[in-house]
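Listed below, chain by chain, are the residues.
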Amino acid sequence: APYYYLGRYYVSVEVADFQQAETLLTKAVKYDPQNARSIYYLGLCKESRGDLERAESDYKQVLSLPTPNPHYLAMAELGVARVAMSTNRNAEALAYAQKAEPALPQEAEVHSILAKLYTTAGDVQEAVREWKATESLDPTNTSALYNLYRLYLKAGDGPLAKEAFEQYKAVSKLYGSS
């Protein structure tokens, strides 16, 4: 039964009906309260609707499961990081994003979140490393290129700043700003 609701969740998300998706996932979690995937996606629906407190609660529920799926455990850590970052709890966000990164090295979002947090903390070297990782995983991410440009300028590296800005302009022409 939970997979029936998960399938309907995906359809609801495609049409951006997060309220309907949340209703369906609530039913899935009722049938299988230990299903990390259902609980994670329920939290994601709540986060998408701006209900950050309840989203964080769902993500932390995944983290408290006795044997969660490692992928959804890391995704829940990333979810807590997003919520913490959006509520200005940057140290907590950084800790959760750093925990998620080893399990999700190919997820551009992990690197983007880490880059934003390192930038806020003033750690230019780590921010540059994470924006580069973001850009290599998602070459259409103009935000990564623009932030690299800004960080290179801040570091006083004009040639790298110019190169990043040229890449930003070229990618923006093709894909628009992200």
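Residues numbered from 1 in each chain as written. Predicted model: local features only at pLDDT ≥ 70, side-chain atom pairs only at ≥ 80, totals over all residues. Heavy atoms only, no water.

Asks: When you look at the side chain of Asp58 in this model, what are you seeing that I'm missing?
Replies: Along the chain, Asp58 turns up in helix α4 (residues 52-64). Using a relative accessible area of 6% as the deciding quantity, one classes Asp58 as buried. Those residues within four positions of Asp58 in sequence are excluded, and the remaining contacts are Ile39, Leu42, Gly43 and Lys46. (Helix = DSSP H or I, 4+ residues; strand = E, 2+ residues; numbered from the N terminus. Buried < 20%, exposed > 50% of the residue type's maximum accessible area, 1.4 Å probe, protein only. Contact = heavy atoms within 4.5 Å.)

Asks: Could you clarify how one ought to interpret the environment of Glu107 in this entry?
Replies: With respect to the helices and strands, Glu107 occurs in the loop between α6 (90-100) and α7 (108-121). Judged by its relative accessible area of 29%, Glu107 is partly exposed. Linking Glu107 and Thr134, residues 27 residues apart in sequence, is a C-alpha distance of 8.2 Å.

Asks: Looking at this structure, I do not really get the nonpolar core. What am I missing?
Replies: By size, the foremost hydrophobic cluster in this structure holds 44 residues, and its most contacted members are Tyr40, Tyr59 and Leu104. Take this core: its biggest share by element is nine residues, from helix α5 (residues 70-86). (Core = buried A, V, L, I, M, F, W, Y, C linked by side-chain atoms within 4.5 Å.)

Asks: I would appreciate a short explanation of helix α2 (residues 18-31) in the present structure.
Replies: Since there are 3.6 residues in each turn of an α-helix, residues three or four apart along the chain are aligned in direction. An ideal rise of 1.5 Å per residue puts 20 Å on 14 residues; α2 measures up with 20 Å between its terminal C-alpha atoms. Residues of α2 that are buried: Ala21, Glu22, Leu24, Leu25, Ala28 and Val29. Burial along α2 is one-sided: seen end-on, the buried residues are contained in an arc of 170°. The outward face of α2, more than 90 degrees from its buried face, is lined by the exposed residues Lys30 and Tyr31. (Expected span 1.5 Å × (residues − 1). Arc of directions from axis to C-beta.)

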